Amino acid sequence: MTSRSEGRALGGAAAAALAALTLAFPAAAAQPTARSGAILCDGVRATIVSTRAAAVVAGTPRRDVIVVKGAGSVVRAGSGNDLVCALRASTVSGGPGDDRLLGSSSADVLNGDAGNDTIRGGAGNDRVSGGAGQDVIDGGAGRDRVAADTRDTVVRGAGDTVTGRPTLVAPRPGPSPAPSVPAPVAPAPVEAFPAPGAHTPEAPAPALLPAVPGLAPVALPAPVAVPGPVTAPLPVDAPPASVWDLVPPSAPTGLYAEVRDGGIGLHWAASADNVGVAGYDVWSSPSYALDDALTYVGYTTGTTAFDTPADRRARHYLVMARDAAGNTSDRSASVAATLGLDDHAPRAPDDVLAATTSEAVTLSWRSGGADDVGVSRYIPVRSTSPGFETGVDGVETVEFEPQAEATFVDHPPAAGATYHYAVVALDAAGNRSERSAGQAVSLTGDAAAPSEPTDVTVTSAAHEAGVLVSLSWGAAADDVGVAGYVVQRSPAPGFLDVETLGTTASTGAVDLLLLGSPGHHYRVVAVDAAGRRSGAVVAASSPAGG
């Protein structure tokens, strides 16, 4: 471990490295070579290139050369001695190793982590942290905030705030920076839903950099937002950070869309963060693949948004959470909607499964489903009759509120009664599917295990990747109802080494044995909602994977 006095003595070597940094890195730039078209980062061929906005880029344990072209991206380099060029505003963590991080001309968040790192920001108002190790840091032009320690060497510009007592040197004149890429035309801002209205949050209160022993914390200017293609301001209620926050929020969940009032309303559940979520970035694409023509819609501090697309093409939306430090979450699941004509109902959900405790019923089913645009939400249905009749004396059928997740928990009013559950799919235009197959459950009245499945058979067919195995069986019986079937396989007939392929509500399953894999034996077990299981029925073995 290097002492404080040793850190000062190392200043000469660090200054030499700093001179090389200043001359070699006028700005983060990646250009294709004339011969091969390869993308270069500071003259080195890139091994990872990300072009889409709001990408989450992960490095490998080896040395990576990473070029990031999309705004709002998050880079988490691996444990090698990595080189990273950010061409648009990004959040970059170097990870362990002696890394070189080059920021863009916009506001970046650059953290070297462990190792002797070399970090240079661009023309934006950057936030830079060297992490552990002997680092060389130059925030570049702009009003930068730099957190360092006594082992580091920092080029301190006129507008910079530096904490941690590193060795400070004056900026050296260097080559003129490359011209910045013009920002695209700003799209319409996200509006609060359901009442449309322009969203213009105020800047947050000044933050505090980490306290240094013997010194009072330093108040800083308001942080600059990590932008997408359109700069998104941070909210007024963003909490001040007393330490560097490098932990991203959790991904938003429960995203669904609703066509109304000439636009598309979006709703989602709040994300969680170790400090606090500042807001959400909303993106859209005309392609289900999302990365094709991904467009930044806007920023909001709430969990609803309203978009008015310029045309009637289907739009696929996703949401990412952001905290006050600029850390961005992974993507939410996507949802689709269109302002065009959508008169096709979705297909009913598949594999509706039920499980019970003494007080509750938990349903789960396959999300998605077939629809010409996309399924937005699901409506769970409960009835005292297997026919789910309405308006019939003695039959109670209830439709619950639509929800985005493919699971639902219910607390039936009568513990000893038998209830039947089904699920209806709903798209953003309000079209409803038929009900799924029903599931019968009883909280206390299910006293017997299901019977064994019958006529379990295995067939196989050649596949380009190996052997495709198809299983089928006859339905089991139960005093209340069979909830589903557990399908398992084993390379030996004794089933000492068992792998569960999954649970299904249907009477069939498919397995793929890859090339070179051995033959397998299969068995099927029926399960009711109370968790009682039938005996296992073993089928004939399948051939090897070729």
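Student: Whenever I open this one, the overall build of the protein confuses me. Can you help?
Tutor: Looking only at helices and strands, the protein features two helices and 38 strands. Within the protein, the fraction of its 546 residues that count as buried is 49%. For the protein, the share of sequence-separated contacts (at least 6 apart) that also reach a separation of at least 24 residues comes to 53%. Split by element, the accessible area of the protein, about 23800 Å² in all, is 55% carbon and sulfur.

Student: Honestly, the sheet that holds strand β14 (residues 145-147) in this entry has me stumped. Any pointers?
Tutor: Reading across the sheet, the seven strands line up as β4-β6-β8-β10-β12-β14-β16 and stay open at both edges, with parallel pairing between neighbours. The open sheet has two edge strands with one neighbour each: β4 (56-58) and β16 (161-163). Ignoring strand direction, the axes of neighbouring strands in this sheet form an average angle of 10°. Bridge analysis of strand β12 (residues 127-129) against β14 gives three bridges, and the strand direction is parallel. Bridging across to β14, serine 129 finds its partner in alanine 147.

Student: I tried to follow the confidence of the model for the protein on my own but got confused; where do I start?
Tutor: Predicted coordinates in areas of low pLDDT are best not read in detail. On average, residues of the protein score 76 in pLDDT, and 76% of them are at 70 or above. Across residues 1-36, confidence stays below pLDDT 50; counting only partners more than four residues off in sequence or on other chains, it has 69 contacts. Predicted confidence for residues 174-243 stays below pLDDT 50, and this span has 153 contacts to residues more than four positions away or in other chains.

Student: What's the story with the packing of aromatic side chains in this structure? I'm lost.
Tutor: Where two aromatic rings form a pair, the distance of their centres and the angle of their planes describe that pair. Tallying each qualifying case throughout the model produces five aromatic pairs. Ring geometry for tryptophan 365 and tyrosine 378: centres 5.6 Å apart, planes at 65°, overall edge-to-face. Of the two residues, tryptophan 365 sits in the loop between β26 (361-364) and β27 (375-383) while tyrosine 378 sits in strand β27, which places them 13 residues apart along the sequence. Tyrosine 378 carries the same exposure label as tryptophan 365, and that label is buried.

Student: Could you clarify how one ought to interpret the pattern of salt bridges in this entry?
Tutor: Pairs may arise between side chains of opposite charge once their charged atoms sit close together. Applying the stated criterion across every chain, the model contains 12 salt bridges. Arginine 260 is paired through a salt bridge with aspartate 261; the nearest N and O atoms lie 2.8 Å apart. The closest approach of N and O atoms between aspartate 410 and arginine 382, which form a salt bridge, is 2.9 Å. Of this pair, aspartate 410 sits in strand β29 (residues 407-410) while arginine 382 is found in strand β27, placing the two residues 28 residues apart along the sequence. A residue is classified by how much of its surface remains accessible, and arginine 382, at 8% relative accessible area, is buried.

Student: Where do I start with the sheet that holds strand β34 (residues 482-490) in this structure?
Tutor: Each strand in a sheet pairs with another by means of backbone hydrogen bonds, the pair being arranged parallel or else antiparallel. Taken in spatial order, the four strands line up as β35-β34-β37-β38 in an open sheet, and their pairing is antiparallel. Unpaired on one side and paired on the other, β35 (499-504) and β38 (537-538) mark the two borders of the sheet. The pairing of strand β37 (residues 521-528) with β38 spans two bridges and is classified as antiparallel. Each bridged residue has a counterpart across the sheet, and for arginine 523 the counterpart in β38 is valine 538.

Cut-offs applied
Residues numbered from 1 in each chain as written. Predicted model: local features only at pLDDT ≥ 70, side-chain atom pairs only at ≥ 80, totals over all residues. Heavy atoms only, no water. Helix = DSSP H or I, 4+ residues; strand = E, 2+ residues; numbered from the N terminus. Buried < 20%, exposed > 50% of the residue type's maximum accessible area, 1.4 Å probe, protein only. Contact = heavy atoms within 4.5 Å. Areas by Shrake-Rupley, 256 points an atom, 1.4 Å probe, with all protein chains shown as cover. Pairing = 2+ DSSP bridges. Axes fitted to C-alpha atoms, helices over the stretch in contact; angles between N-to-C directions. pLDDT = per-residue confidence, 0-100. Phe/Tyr/Trp six-rings, centres within 6.5 Å; stacked < 30°, edge-to-face > 60°. Salt bridge = Lys/Arg side-chain N within 4 Å of Asp/Glu carboxyl O.

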